[in-house]
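A structural walkthrough
Here's the letter readout for the chains.
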Amino acid sequence: MKETIVTIPINDLFAPRDGCPLCRMEHMLEEQYCTFVTGDAMMEPSVRVETNKKGFCHRHYAKMTQVGQRLPNALILESHLQEILENHMPKKAGKPDKKQLEALGTMLNSCYVCDRVEKDMLHLIAIVFAEWAKGQEFTQTYRDQPFICLNHYRLLMTAAAGKGGVPSKQLPAFHEDTLALVKQYLETLKKDISHFVTMFDYRNKGQDWGTSVDAIERSIEFLTKEKPAAT
């Protein structure tokens, strides 16, 4: 497809044909936001107010320690911990405040990076829909992807029918293309996992493992969006 400032990141994300392109999209955004909050955002009061209130999930705290220096991470934690002391802890001992505990639960299940990534994912996916609907080069590039992971299959199928999604007349074809990317890979995974299991039968000793060697890792990636850590 013809590249513009808007479509360049989409081209870059779909070009490799290696794994799920939506996973690459999500990882790119995570990297950008974790770098941002431990860098330039340190001087943005509006961002600090939001990160103080929301905090981060374990995944993104871990990512922030990888991409950011220790001092910025410590400063973020300092003000977030102060927020918890002031707004989520009782002022005196006794019966816990129900509303305060509910607010604490909301905070513990929130994450500044997750929220920003989710919003930007929907924006980028809308561009994917628009380019796919043109029926040009990108449509074939989309169909040539090795697979779409299960989580992003659900996201695409849901978002395609909503606002900013695929035109209604083209929706069945988009659903068909996306389902094909998921179902074919799912069937391949099932076949490889089954072959992996049979290789532990003594009667198959010395037989070829084929593509089943990394079937466990590939299955986990397909199901969770994450490759398991190397052991």
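Residues numbered from 1 in each chain as written. Predicted model: local features only at pLDDT ≥ 70, side-chain atom pairs only at ≥ 80, totals over all residues. Heavy atoms only, no water.

**Observations regarding the overall build of the protein**
Counted only if it meets this: Only DSSP runs of H or I reaching four residues or more are called helices, and only runs of E reaching two or more are called strands; each is numbered from the N terminus. C-alpha atoms define the radius of gyration, and 2.2 Å times the number of residues to the power 0.38 defines the globule rule. Throughout, exposure labels follow a simple rule: accessible area from a 1.4 Å probe, protein chains only, divided by the maximum for the residue type, with under 20% read as buried, over 50% as exposed, and the rest as partly exposed. In this description, contact between two residues means that some pair of their heavy atoms is separated by no more than 4.5 Å. Note on areas: these come from Shrake-Rupley sampling with a 1.4 Å probe, and a residue is covered only by the protein chains present in the view. Neither His nor the chain termini are counted; the positive set is Lys and Arg, and the negative set is Asp and Glu. Charged side chains are reduced to one point each, which is NZ for Lys, CZ for Arg, CG for Asp and CD for Glu.
When helices and strands are tallied, the protein shows eleven helices and zero strands. Taken against the 2.2 N^0.38 rule, which gives 17 Å for 231 residues, the C-alpha radius of gyration of the protein at 22 Å runs more than 25% over that of a compact globule. Projected onto its principal axes, the C-alpha positions of the protein cover 65 × 55 × 35 Å. Looking at the 231 residues of the protein, the share that counts as buried comes to 38%. By sequence separation, contacts in the protein at least 24 residues apart represent 69% of the contacts at least 6 residues apart. Here the protein displays about 14,400 Å² of accessible surface, and carbon together with sulfur accounts for 58% of that area. Distance from the positive charge centre (29 side chains) to the negative charge centre (30 side chains) of the protein: 5 Å.

**Side note on the nonpolar core**
Generally speaking, soluble globular proteins have nonpolar side chains that are buried together. Definition in use: Nonpolar core, defined: a set of buried Ala, Val, Leu, Ile, Met, Phe, Trp, Tyr and Cys residues in which side-chain atoms within 4.5 Å join the residues together.
Of all hydrophobic cores here, the largest spans 45 residues; its most connected members are L22, M25 and Y142. Tallying contributions element by element places helix α7 (residues 112-133) first for this core, with eleven residues. Other than its neighbours up to four places away in sequence, M25 contacts I10, L13, M121, L124, I125 and V128.

**Things to note about a nonpolar patch on the surface**
The condition is simple: Patch building starts from residues that exceed 30% relative accessible area and form no salt bridge, then joins like charges within 9 Å and nonpolar side chains (Val, Leu, Ile, Met, Phe, Trp, Tyr) within 5 Å. One side-chain nitrogen of Lys or Arg within 4 Å of one carboxyl oxygen of Asp or Glu is enough to make a salt bridge.
On the surface, F200, W209 and V213 cluster together to form a nonpolar patch covering roughly 330 Å² of accessible area. Tracing the backbone through its elements, the reader meets V213 in the loop between α10 (171-198) and α11 (215-224). Given a relative accessible area of 55%, V213 falls into the exposed group.

**So, helix α3 (residues 45-54)**
So the rule is basically this: To obtain the arc, one takes the directions from the helix axis to the C-beta atoms.
Here α3 has its buried residues at V47, R48, T51 and N52. Considered in projection along α3, the buried side chains sweep an arc of 135 degrees and stay on one side of the axis. Away from its buried face, by an angle of more than 90 degrees, α3 presents the exposed residues S46 and K53. After α3 finishes, the residue G55 shows a positive phi value of roughly 70 degrees.

**Focus on unusual backbone geometry**
In this structure, R17 is a non-glycine residue whose phi angle is positive, near 50 degrees. Considering the arrangement of structural elements, one finds R17 in the loop between α1 (8-14) and α2 (21-37). At K225, a position not held by glycine, the phi torsion is positive, near 75 degrees. The residue K225 is located in the segment after α11 in this model. On the basis of relative accessibility, which here comes to 22%, the residue K225 falls in the partly exposed class.

**Section: the environment of S212**
Test applied: Nitrogen and oxygen atoms within 3.5 Å of one another constitute a polar contact, given that in protein one can donate a hydrogen and the other can accept it, and given that sequence-neighbouring residues count only through two side-chain atoms.
Of note, S212 is situated in the loop between α10 and α11. The buried category is assigned to S212, whose relative accessible area is 1%. In this structure, the C-alpha to C-alpha distance between S212 and K190, residues 22 residues apart in sequence, is 9.7 Å. Filtering out sequence-adjacent residues up to four positions away, S212 remains in contact with D192, H195 and F196. In terms of polar contacts, S212 uses its side chain to reach the backbone carbonyl oxygen of W209, at 2.6 Å.

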